[in-house]
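Close look at the chain arrangement
This is what each chain is made of:
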Amino acid sequence: MADSKKSKAGKANPMWGGQFSIAPAELLAKINASVAFDKRLYRQDIRGSIAHANMLARQGIISRGDARAIVAGLQDILKDIEAERFIFSDALEDVHMNIESVLKNRIGEAGGRLHTARSRNDQVATDLRLYVRDALDALAAALAGLQAALLKRASEHAATIMPGFTHLQAAQPVTLGHHLLAYVEMFGRDRARARDARSRMNESPLGAAALAGTSFPIDRHFTAKELGFDAPMRNSIDAVSDRDFALEFLALAAICAVHMSRLAEEFVLWSSAPFSFIRFSDSWSTGSSIMPQKRNPDAAELVRGKAGRMSGNLMALLAVMKSLPLAYNKDMQEDKEPVFDSAENILLCVRAMAGMADDFNVAKERMARAAGEAYANATDLADWLTRELDMPFRKAHHVTARLVALAAKQEKRLEALTLTEMQSIEPGIRKEMFSVLAAADSVKSRRSFGGTAPDNVKKAIVEAKKRFGV
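It should be emphasised that the depicted structure is a prediction, and the values quoted were computed from it without experimental measurement.

So, on to the packing of helix α4 (residues 64-82) against helix α5 (residues 95-107). The N-to-C vectors of α4 and α5 enclose an angle of 120°; their axes lie 10 Å apart at closest approach. Considered as vectors, α4 and α5 are oriented oblique to each other. Crossing handedness for the pair α4 and α5: right-handed. Of the residues in α5, those touching α4 at Ala69, Ile70, Gly73, Leu74, Asp76, Ile77, Asp80 and Ile81 are Ile99, Val102, Leu103, Arg106 and Ile107. A breakdown of the residues in the contact of α4 with α5 according to their chemical character gives nine nonpolar, one polar and three charged.

Rendered as C-alpha cells:
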C-alpha cells in the first residue's frame, strides 16, 4: 500500500525525467504505461519516424549520415518486432519510447537526434491516424467482399418468394433476392462512410510538435507526402488535441455493426425451427453439450452481440473527449483501446457475415408457403379494388379488412373465400380478382422502381455490381 503513496528509490524515466530525482510511484507508473496496448502501433510509429528522419536530413537539421543510421536502425527494429524478438518494457511507458530507446542503444548518439522538432503529442496523433486510415481501407475492402457474397445469393434467389415483414408480422410477399439487396445498399453506405471518413482525416499532424509547432525549419508538406497524407494539418493545436477522426471511425464501425446485427438476427430467426427458411452447413453451426439435436447459429449471435460492444466503444471515447481543454491531455491515452477493439472486431464480423451469407441453403417451398400466410395478400386485394372498381383507397382498405375478418372467422386463407362470400361484403368484386391473390403474382406486380418484382431484382443486381464495383 505504501508504494501507492510515495515513490520507491530509483532512477527517473530516462526519456523525460531530467528534473526528477526519483522514480514515479509504482501505481503511477502502472496507470501511466500504455505499451501493453499501443505496441500494436509499431508499424505506423516506425513509418512516421523514418519520414521524420528523412525530412530532418533533407532540411539540414541533422546530418544525412545520422539519418541513414536512424532509418537502418528503425528497419532492423521493425524486423525484430515482426519476428517477435523485440522486448517491450513497461518502464518505458509506450511504443514510441520503447522503439527510440532501443534505437539509441543500437546506433548511439544519432538515435537521440530522431526526436528533434517533434513531440510524442504529434507522434502519437500521426501514428493513430495512420492506423485508422489502414483500418478504414481494410474495412472498405471487407465490406466489398460481403456485398459480393450477398449479390451472388441475391442473383440465385431473384425470384425466390418469401414473406416480407413489418413489426415481424407477415406484411407482403417479396423475393429473397430483393431482401438481400437491402443489405447490399446498407453496406454500400457503410463503405461510402469509410471513404468519406478517410478523405476527411487524411491530413498529417506530424510537425505540430507539442502544440505550438517548432522553431526548426521543418518541411511538414514533405513528411505529409511521404506518409500518404493529402496535406499537413493547418493548426498545430488542433493537430494534437482532437480525435474526431477516431470518433468518426468508431461511429461508422458502430453503424456498420448495427447493420450486420440486423442481418445476423434474421439469420438466427430464419434458421430456427418455427421459421425453417434457411439451414447453415456444419461449417457455420455449433452443437450443444447436452442437447444432441441442436444446430446453433453462434457466429450470427456473436456478430449480433458485438454490435453492443462497438456502440460502447464509441460512447467511451465520446465521454473521454468531452470537456477536455486544448491542447493535449493524458486522458487521450484512452483513445487507443476502443479504436483497436472496434477495428479488429468490425473486420472479424464483416468477414464472418460474408462467410455465412455464402453458406446457407434455402428452403424455397417453406418460404413460399409462409409468404401466403397471415393474409399477406390483403394489400393486393385493396389495390385491385382501387384500380378496377375506381374505389378510393381508404374505402378499399376498409372493405379488404372486413374480408380478412370474414376469412379469419372461418379460419380460411383470403383466397379460399368464395366469390359469393366476397360479394356479400363488396358486390362489385369479380372472379378475375382472384388472379392477384397468389404470392407469385403479388411479387411480379411490384414493378415500381426499387420494387420486388423478379425482373426488377435482376436489373438491380447488375446495376449494384457496377455501382459498387463488386
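Having seen it, we continue.
In this structure, Leu150, Met260, Phe267, Ile278, Ile346, Val350 and Met353 are the most contacted members of the largest nonpolar core, which totals 102 residues. A total of 15 residues in this core trace back to one element, the largest contributor, which is helix α11 (residues 244-270). Leaving out residues up to four positions away in the same chain, Val350 has contacts with Leu139, Ala142, Leu143, Leu146, Cys256 and Met260.

This part is about unusual backbone geometry. In this model, Leu326 is joined to Ala327 through a cis peptide bond whose omega is 10°. Note on placement: Ala327 falls in the loop between α12 (298-321) and α13 (336-357). At His167, a residue that is not glycine, the phi angle is positive and equals roughly 60°. Turning to its location among the elements, His167 is positioned in the loop between β1 (161-166) and β2 (169-175). What makes His167 exposed here is its relative accessible area of 76%. Of note, Ala374 is a non-glycine position whose phi angle comes to about 60°, a positive value. With respect to the helices and strands, the residue Ala374 is situated in the loop between α14 (364-371) and α15 (378-388).

Reading guide: rules and limits
- Residues numbered from 1 in each chain as written.
- Predicted model: local features only at pLDDT ≥ 70, side-chain atom pairs only at ≥ 80, totals over all residues.
- Heavy atoms only, no water.
- Axes fitted to C-alpha atoms, helices over the stretch in contact; angles between N-to-C directions.
- Helix = DSSP H or I, 4+ residues; strand = E, 2+ residues; numbered from the N terminus.
- Parallel < 35°, antiparallel > 145°, perpendicular 65-115°, else oblique.
- Left-handed = near helix turned anticlockwise from the far one by under 90°.
- Contact = heavy atoms within 4.5 Å.
- Nonpolar A, V, L, I, M, F, W, Y, C, P; charged D, E, K, R; others polar.
- Core = buried A, V, L, I, M, F, W, Y, C linked by side-chain atoms within 4.5 Å.
- Buried < 20%, exposed > 50% of the residue type's maximum accessible area, 1.4 Å probe, protein only.

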